[in-house]
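Below are the chains, spelled out letter by letter.
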Amino acid sequence: MLEFTRMLYELFVLQGITLSKSLLIMSSKPKKDAVNKASGMIYCALENGSFFSNALKSCSAINFDDVYISFICIAEKNGDLKTALSYLKQKLEREKECKKKIVEASIYPVFVILLAISASIFIGVYTKNADIQLLAKYVSVLILVCFAMYFSIVKVFRENCLYEAFSAVDFLVGKGIELSEAVECAIQIAGPSTKTGRMFENAKINLSYGMDLQTAFNCKKNANSKLSEAFYYADIGGSRNDLFGKIAAYLKTEKDRQRTICLALIEPFFIVITGIFILAILMTFFMPLINEVGFI
């Protein structure tokens, strides 16, 4: 989706080429890939009188998700497809950056696990009296710790659904979309079954009863939540017209701060874990051998 959106953004938004012609150019590019096939299919659908959003739904070469299609559908109704594509491009790039950081952060856990396995093999091969069961317990504990830390890192670096949801609401409301429709789109971004999705689902119901935003989002009952803080700082910031944008900006700042702290702690933490593991191995399996040699 990202490559397709980038190419369409370049042709349709930056160069000002019509949507149909942009898709035709994309379908004619020398490299045959999913973008090439998808562009051709969508172009044919448009030529047959289909809406762009419907063409995306029927495209089998690239699986455009519900969020992507919903934004395009809203943009078609609002007559501002270029702005929607710009937003979707930025959103997909943020998702790619999150995945890249998760991959980079996984290097240390993988390194420590490989070190543990290598050390175990070395001890098992060169130490005749090694207690294999005890060694296996040490390695198992280290692997569990690494996995626990890895999942903690993933939690910090993964896509910030709350930020994405409020950012989408801010974007849509700014384009004149009704708040209820904007919140509906945010539900899809967060996922209807997630905690954030259910929060927006409840907010949509509460807003239909005329409740204010803080009550609708259940903030007053959760005074210590980040969302409550975000609403507070957005409220004291001035106009409520850009309230959702201020909330999104606050949430992004908080998430970036957490990621910065996590990045600073990853390396020293795994250095300490590796050191403890090696020290435990030396004390358990090699110190007795050294003591025996000393007594000879």
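For the structure, see preceding data.
What you see as residue numbers is a count from 1 along each chain, following the sequence as written. Whole-chain, interface and lining totals are the exception, using all residues; otherwise, since this is a predicted model, local features are given only for residues with pLDDT of at least 70 and side-chain atom pairs are given and counted only at 80 or more. Note that the side-chain values use all heavy atoms of the structure and ignore hydrogens as well as water.

Visitor: Help me understand the overall build of the chain in this model?
Guide: Only runs of H or I of at least four residues qualify as helices and only runs of E of at least two qualify as strands under DSSP, and these elements are numbered from the N terminus. On a plain count of helices and strands, the chain comes out with 14 helices and zero strands. For the chain, the succession of helices and strands along the chain, N to C, is α-α-α-α-α-α-α-α-α-α-α-α-α-α. Burial status follows relative accessibility: with a 1.4 Å probe on protein chains alone, a residue under 20% of its type maximum counts as buried, one over 50% as exposed, and anything between as partly exposed. Looking at the chain as a whole, 42% of its 296 residues are labelled buried. Only heavy atoms enter the contact rule, under which two residues are in contact if any of them lie within 4.5 Å. When contacts within the chain are restricted to residue pairs at least 6 apart in sequence, those whose partners lie at least 24 apart make up 61%.

Visitor: What is the right way to read the layout of surface pockets from this model?
Guide: It is a probe the size of a water molecule, rolled over the atoms, that shows where empty space is left. In this structure, the second largest pocket encloses a volume near 200 Å³. What lines the second largest pocket is simply Arg94, Glu97, Cys98, Lys101, Glu159, Asn160, Tyr163, Glu164, Lys252, Lys255, Asp256 and Arg259. For the lining of the second largest pocket, the elements supplying multiple residues, two or more each, are helix 6 (81–105), helix 9 (161–174) and helix 14 (243–295). In the lining of the second largest pocket, the residues fall into two nonpolar, one polar and nine charged. Of the two site types, the cavity is a set of points on a 1 Å grid over the protein atoms alone where a 1.4 Å probe fits but cannot get out, and the pocket is an open set with protein on both sides within 12 Å along at least five of seven lines, each lined by residues with an atom within 4 Å of a point. Grid points are joined across faces, edges and corners, and a volume is the space filled by probe spheres set on the points. When residue character is reported, Ala, Val, Leu, Ile, Met, Phe, Trp, Tyr, Cys and Pro are called nonpolar, Asp, Glu, Lys and Arg charged, and the others, Gly included, polar.

Visitor: Please clarify how the side chain of Asn206 should be interpreted in this entry.
Guide: Tracing the chain through its elements places Asn206 in helix 11 (residues 195–208). Its relative accessible area of 18% is what places Asn206 among the buried residues.

Visitor: Sorry if this is basic, but what is going on with the packing of helix 2 (residues 19–27) against helix 3 (residues 34–47) here?
Guide: Pairs of packed helices are described in terms of their axes, by the angle between the two and the distance that separates them. The N-to-C vectors of helix 2 and helix 3 enclose an angle of 145 degrees; their axes lie 7 Å apart at closest approach. Pair helix 2 / helix 3 crosses with left-handed handedness. Within the contact between the two elements, helix 2 uses Leu19, Ser20, Leu23, Leu24, Met26 and Ser27 and helix 3 uses Val35, Asn36, Ser39, Gly40, Ile42, Tyr43, Leu46 and Glu47. Only C-alpha atoms enter the line fits that serve as axes; for helices the fit covers just the stretch in contact. Angles between N-to-C directions range over 0 to 180 degrees. Helix crossings get a hand from a simple test, with the near helix turned counterclockwise from the far one by less than a right angle marking a left-handed crossing and a clockwise turn marking a right-handed one.

Visitor: Quick question: what am I supposed to make of the nonpolar core here?
Guide: A general feature of soluble globular proteins is that nonpolar side chains tend to end up buried together. Core analysis: the biggest nonpolar cluster contains 61 residues, and Phe4, Ile42, Phe52, Phe71, Phe166 and Phe200 have the highest contact counts within it. Top contributing element to this core by residue count: helix 9, with eight residues. In this structure Phe52 touches Leu8, Leu19, Leu23, Ile42, Leu46, Ile72, Glu76 and Leu81, once residues within four positions along its chain are discounted. The criterion is simple. A nonpolar core is a set of buried Ala, Val, Leu, Ile, Met, Phe, Trp, Tyr and Cys residues joined through side-chain atoms within 4.5 Å. By size, the runner-up hydrophobic cluster in this structure holds 20 residues, among which are Val112, Leu142, Cys146 and Phe270.

Visitor: Help me understand a nonpolar patch on the surface in this model?
Guide: A contiguous nonpolar surface patch, about 330 Å² in accessible area, is contributed by Ile205, Tyr209 and Met211. In this fold, Met211 is placed in the loop between helix 11 and helix 12 (213–216). Since its relative accessible area comes to 35%, Met211 is described here as partly exposed. Like charges are joined within 9 Å and nonpolar side chains (Val, Leu, Ile, Met, Phe, Trp, Tyr) within 5 Å, but only among residues with over 30% relative accessible area and no salt bridge; these make up the patches. Only the protein chains shown count as cover for residues, and the accessible areas themselves come from Shrake-Rupley with a 1.4 Å probe. One speaks of a salt bridge when a side-chain nitrogen belonging to Lys or Arg is within 4 Å of a carboxyl oxygen belonging to Asp or Glu.

Visitor: Before we go on, may I ask you to explain empty space enclosed by the protein in this structure?
Guide: All told, the structure shown has two cavities of 30 Å³ or more when counted by the stated rule. Here the largest cavity is characterised by a volume of approximately 60 Å³. Together, Phe71, Ile74, Ala75, Asn78, Asp80, Ala84, Phe171, Leu172 and Lys175 line the largest cavity. For the lining of the largest cavity, the secondary-structure elements that each account for two or more residues are helix 5 (66–78) and helix 9. Of the residues assigned to the lining of the largest cavity, the class counts are six nonpolar, one polar and two charged. Approximately 40 Å³ is the volume found for the second largest cavity. If you trace the second largest cavity, you find it lined by Met1, Asp65, Val67, Tyr68, Leu88, Lys91, Leu92 and Glu95. Secondary-structure elements contributing two or more residues to the lining of the second largest cavity are helix 5 and helix 6.

Visitor: In this structure, what is going on with the state of the cysteines? I would like to understand it.
Guide: Here, the word disulfide means a covalent bond between the sulfur atoms of two cysteines. Put simply, a disulfide is two cysteine sulfurs that come within 2.5 Å. Following the criterion strictly, the structure yields zero disulfides and no others. Cys73 provides the cysteine sulfur closest to Cys185, a residue in no disulfide bond, and the two sulfurs are 9.9 Å apart. By relative accessible area, Cys185 is classed as buried at 2%.

Visitor: Can you walk me through the pattern of salt bridges in this structure?
Guide: Side chains bearing opposite charge may pair, as long as their charged atoms lie close to each other. According to the stated counting rule, one finds seven salt bridges in the structure shown. Measuring nitrogen to oxygen at the nearest pair gives 2.8 Å for the salt bridge that ties Arg94 to Glu164. Of this pair, Arg94 sits in helix 6 while Glu164 sits in helix 9, placing them 70 residues apart in sequence. Linked by salt bridges that have partners in common, Arg6, Lys89 and Glu93 make up one network.

Interpretation note: all reported values are geometric properties and have no functional meaning in isolation.
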